Every structure is written in C-alpha cells, then in structure tokens.
Amino acid sequence: MNNLRIIARNSLRRRDFSLRSPSRSLCNLSTKSNRPSYGIAFDIDGVILLGSSPVGGSPGALRRLYDDSGALKIPFLFLTNGGGLPESKRASEMSHLLDVPVSPLQMVQAHSPFRKLANRFGNELVVAAGKGEPAAVMSNYGFKNVISLDEYASYFVHIDPLAPYKKWMTGQDVNKKTNNRSRQSVVSERVQAAFIVSDPVDWSRDIQVLCDILRTGGLPGKEIGSQPHLYFANDDLDYQTKFPTERLGMGAFRIALQSIFNRIHDKPLEYTSFGKPNPFVFKNAEDVLKEIATSSTHSHSNQGSHHLETLYMVGDNPKIDIRGARQAGSPWFSILTRTGVFKGKDNHSEFPADLVVDTVEEAVDFILTRESAKLSLV
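The structure displayed is predicted, hence computed values, not measured ones.

A. Quick look at the overall build of the protein. Counting its secondary structure elements, the protein contains 12 helices and 15 strands. Burial analysis of the protein (378 residues in total) assigns 54% to the buried set. In the protein, the share of contacts with a sequence separation of at least 24, taken over all contacts with a separation of at least 6, comes to 68%. Summed over all atoms, the accessible surface of the protein reaches about 17,300 Å², with 50% contributed by carbon and sulfur.

This is the structure we're talking about:
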C-alpha cells in the first residue's frame with residue numbers, strides 16, 4: 001500500500017499524465033474482464049464548483065472517468081450536503097455546467113434520505129422549507145400532501161410581521177399554489193412534520209413560522225401542543241462559495257432556530273439531522289456506487305452487486321467530508337482539496353485526510369495513477 005502511494009505521489013510531481021485526456025494505461029478498465037474495483041464520491045461546493053462556476057479543473061478531471069463514446073468508465077457520484085432541486089433536475093444542471101453526462105442516480109443530495117420517510121408521512125400534511133423547489137423534491141419522493149413553507153405562510157394573515165418590508169420577496173412559491181388548496185383546509189389541518197430541505201432564504205420568517213408550527217402541535221395560532229417531527233437535510237455550519245470566506249449554512253440556521261425555540265418553549269427542540277458526516281450517508285453512497293458499477297455498460301456480463309475494494313471521498317471540508325470518510329472506515333480513502341473550506345498548507349490536524357492535494361484535477365490524477373499501479377502488480 002505504501003509503495004502504491006509513493007508511486008502515485010511521484011507521478012503527481014512529475015505530472016506524467018495529461019489532465020485533459022484519458023490515460024492509455026486505463027483503457028483496459030472499460031473491458032468486461034477488468035471492471036474497476038473502485039468508485040469515487042465527489043463533494044460539489046468547493047471541489048467541483050464555486051457557486052455555478054467549475055473549479056480546480058473539474059470538467060477535464062471528470063471527463064477522464066468516461067470513455068471516448070461518453071459512456072461511464074469509472075463509477076462515481078456526487079455526494080453533497082447541498083440540495084433544493086429534484087435529483088433529475090440537479091443532474092441536468094450538473095451536466096450542463098460540467099459538459100459531461102450525469103444521471104440522477106449519480107446525484108446523492110443531503111435530502112435524498114428523506115425518500116425513506118415517505119412511507120411514514122406520505123399522506124400526512126408536511127411542510128418543506130428552503131431555497132429552490134423543496135415541495136417538488138418531497139413530492140418526487142412520494143409525499144402526497146406536502147406544501148412549501150413559502151406557500152404555507154401565505155395562508156396565515158399577519159404571521160410574518162415583517163412581510164410588508166420585504167419587497168425583495170419575489171418569485172417565491174407563494175404564487176405557486178399546489179393541489180388547489182383552500183386557506184381553510186390548510187390552516188385547520190395539523191402539520192405532522194417539517195423538513196428543512198435546503199438552506200432557508202428568509203430566516204426571520206422561517207424561524208417564526210417554524211416556531212409557530214412546532215410549539216402548537218402543528219396548528220399555528222392555537223394552544224401549545226406536542227412538537228411535530230423536525231428533520232434537517234444536513235447540519236453544515238458553513239460552506240464555501242465564490243465569496244473569499246465561508247458562508248453560514250443549514251447548521252447555523254438550526255442553531256438559531258433551536259436557540260429561539262428553547263427560550264420560548266418549556267421543552268427543548270427535538271430534531272433529526274441527515275447529511276455528511278453521518279456514517280449512514282457513506283454506507284448509502286457505497287450502495288449507490290455499487291449500483292452504478294453494476295448498471296454501467298462494462299458490467300453487463302455479471303449479475304448481482306459489483307464489489308468495490310476502494311471508495312474515494314474527495315472533499316474540501318475536513319469536519320464534514322474527511323471526518324465522515326474516516327468514521328465510515330474501510331474501504332473509504334479520503335482526499336482533501338484546497339479549493340474550498342480547507343486552504344491549509346499541511347494536513348488538517350483534527351481530521352487528517354489520507355491525501356491532501358490542491359485541486360480535484362490532482363485528486364483524479366492520483367486515483368487513476370494509484371489504481372493503474374495496482375493493476376500492473378496483478
């Protein structure tokens with residue numbers, strides 16, 4: 001193992017491989033008899049994109065994972081704590097930005113695990129909060145009675161005392177009524193659960209309305225009742241955008257909501273958070289990578305799940321990406337880039353990665369070199 005790492009690092013220094021075209025030594029990986037024994041999970045913000053702009057040579061790096069016909073050669077997915085759009089729509093967006101074909105199966109977003117809660121809340125009234133299309137996301141997962149927080153708040157007159165001053169609130173879901181709901185049907189039905197699908201836009205209103213829902217048992221304006229269920233897609237305190245320093249994320253919103261709720265309610269806030277670094281997220285990613293490997297063109301000759309000996313996590317946040325991979329353990333191998341949250345010269349002291357590189361381009365170069373070296377020893 002150490003010899004392989006030394007070989008790969010030396011290749012990185014010499015820059016033996018072109019970052020724009022597939023290495024010839026990897027061509028045999030697409031054959032049926034030599035299927036890849038590894039998969040890759042990429043974080044998006046700070047690794048692949050900054051805002052909506054590619055970073056770190058990501059388009060060229062990803063193209064190396066496809067063959068000349070555009071078919072997937074190396075199984076990979078995007079494992080992100082972001083979200084707000086259905087997986088199919090986000091895949092289309094990523095394909096456009098990176099100029100490579102991306103399937104919905106390759107999009108594992110923070111809220112993807114919410115799909116498993118549809119059996120529990122599928123027919124119950126639930127509220128979905130956050131930027132993008134939170135209600136559409138939940139509807140695609142099988143929730144039949146979901147309403148966005150934007151629309152829900154619009155049915156309660158004066159619920160947001162600052163609404164008259166928010167002239168910037170345009171293009172919100174408030175003007176996109178769903179299921180022909182009547183005001184009376186909404187305000188009289190108890191909310192059974194609230195889902196924070198993506199980063200909230202209007203913190204003051206969302207905290208106010210969520211506190212109303214959570215402290216009254218799901219009936220804002222009524223008497224105090226048992227708290228409905230509350231789910232957060234992730235608990236990221238911050239994340240990297242085009243701005244020089246990190247921006248506050250969903251974890252910061254959770255802290256604000258929790259602090260206020262605990263001051264105005266006798267019982268502390270109860271909630272469940274998903275997303276990295278939770279180990280089950282990495283177990284789910286492993287299962288999806290196996291599914292991608294099995295369903296890809298080079299896997300048609302065999303039936304059943306495809307075994308992957310090594311899974312690479314390429315991320316920019318030591319506390320989220322690297323910590324999660326370390327907690328998940330074997331077969332995960334963590335790679336930390338310097339294009340996002342982490343910008344240190346040396347490895348992170350508390351959550352050190354297996355490898356630190358400048359960009360995702362170098363990360364892919366290392367992976368392909370390392371795996372090619374393994375094959376040469378067989």
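Let's pick the thread back up.
B. Representation of the sheet that holds strand 1 (residues 38–42) in the model. Judged by pairing direction, the sheet is parallel, and its 6 strands sit side by side in the order 5-4-1-13-14-15 without closing on themselves. Looking at strand neighbours, the two that pair on one side only are strand 5 (107–108) and strand 15 (355–356), the edges of this open sheet. With 5 bridges joining them, strand 1 and strand 13 (residues 310–315) adopt parallel strand pairing. The partner of Gly 39 across the bridge, within strand 13, is Leu 311.

C. Structural detail: the nonpolar core. Judged by nonpolar contacts, the single largest core of 49 residues is most densely connected at Ile 40, Phe 42, Ile 48, Leu 65, Phe 78 and Ile 335. Broken down by element, this core gets its largest block of residues, 7 residues, from helix 10 (residues 279–295). Excluding its chain neighbours within four sequence positions, the residues that come into contact with Ile 48 are Phe 42, Asp 43, Ser 53, Pro 54, Val 55, Ser 58, Leu 62, Phe 78, Met 94, Leu 98 and Val 360. If you look at the next biggest cluster of nonpolar residues, it comprises 46 residues, including Phe 114, Ala 128, Val 186 and Val 197.

D. The pairing of strand 6 (residues 126–129), seen in detail. Because side chains alternate across strand 6, one face comprises the buried residues Val 126 and Ala 128, and the other comprises Val 127 and Ala 129, equally buried. Where strand 6 and strand 7 (residues 146–148) come together, 3 bridges link them in parallel fashion. By the bridge assignment for strand 7, Val 127 is matched with Ile 147. Handedness of the crossover joining strand 6 and strand 7 through helix 5 (residues 134–140) is recorded here as right-handed. Bridging between strand 6 and strand 8 (residues 193–196) involves 4 bridges; their strand directions are parallel.

E. Up close: helix 10. Here helix 10 spans 25 Å end to end across 17 residues, near enough to the 24 Å set by a 1.5 Å rise per residue. By the burial criterion, the buried members of helix 10 are Val 281, Phe 282, Ala 285, Glu 286, Val 288, Leu 289, Ile 292 and Ala 293. Of the surrounding elements, those touching the buried residues of helix 10 are strand 1, strand 4 (76–79), strand 5, strand 13, helix 11 (318–328) and strand 14 (332–336).

F. Examining the pattern of salt bridges more closely. As enumerated under the stated definition, the model contains 16 salt bridges in all. For Glu 286, the salt bridge goes to Lys 290, with nearest N and O atoms at 3.5 Å. Taken together, the residues span about one helical turn, with Glu 286 and Lys 290 both in helix 10 at a distance of 4 residues. In this structure, Asp 358 and Arg 338 form a salt bridge, with 2.8 Å as the shortest nitrogen-oxygen distance. Here Asp 358, found in the loop between strand 15 and helix 12 (360–377), pairs with Arg 338, found in the loop between strand 14 and strand 15; they are 20 residues apart in sequence, far enough to count as distant.

G. Focus on the packing of aromatic side chains. Scanning the model with the defined rule gives 19 aromatic pairs in all. Ring centres 6.2 Å apart and planes at 45 degrees place the aromatic pair Tyr 231 and Phe 274 in the tilted group. Of the two residues, Tyr 231 sits in strand 9 (residues 229–232) while Phe 274 sits in the loop between strand 12 (272–273) and helix 10, which places them 43 residues apart along the sequence. The rings of Phe 114, Phe 121, Phe 143, Phe 195, Tyr 231, Phe 274 and Phe 280 are connected pair by pair, giving a single aromatic cluster.

H. Up close: a nonpolar patch on the surface. Among the surface-exposed residues, Leu 237, Leu 248 and Ile 255 lie close enough to one another that they form a single nonpolar patch of about 280 Å² accessible area. With respect to the element layout, Ile 255 can be found in helix 9 (residues 250–264). By relative accessible area, which is 38% here, Ile 255 ends up partly exposed.

I. Broad picture of the side chain of Arg 181. Structurally, Arg 181 is set in the loop between helix 6 (149–154) and helix 7 (183–188). Taking the relative accessible area as the measure of exposure, Arg 181 reaches 16% and is therefore buried. Here Asn 145 takes part through its side chain, which lies 3.1 Å from a polar atom of the side chain of Arg 181. Here the side chain of Arg 181 touches Val 146 through a polar contact of 2.6 Å, landing on its backbone oxygen. Filtering out sequence-adjacent residues up to four positions away, Arg 181 remains in contact with Leu 125, Asn 145, Val 146, Ile 147, Glu 151, Tyr 155 and Val 186.

What counts, and where the lines are drawn
Residues numbered from 1 in each chain as written. Predicted model: local features only at pLDDT ≥ 70, side-chain atom pairs only at ≥ 80, totals over all residues. Heavy atoms only, no water. Helix = DSSP H or I, 4+ residues; strand = E, 2+ residues; numbered from the N terminus. Buried < 20%, exposed > 50% of the residue type's maximum accessible area, 1.4 Å probe, protein only. Contact = heavy atoms within 4.5 Å. Areas by Shrake-Rupley, 256 points an atom, 1.4 Å probe, with all protein chains shown as cover. Pairing = 2+ DSSP bridges. Core = buried A, V, L, I, M, F, W, Y, C linked by side-chain atoms within 4.5 Å. Right-handed = clockwise from strand over helix to strand, strands pointing away. Expected span 1.5 Å × (residues − 1). Salt bridge = Lys/Arg side-chain N within 4 Å of Asp/Glu carboxyl O. Phe/Tyr/Trp six-rings, centres within 6.5 Å; stacked < 30°, edge-to-face > 60°. Patch = residues over 30% accessible without salt bridge, like charges linked within 9 Å, V, L, I, M, F, W, Y side chains within 5 Å. Polar contact = N/O pair within 3.5 Å; in protein donor to acceptor, adjacent residues only side chain to side chain.

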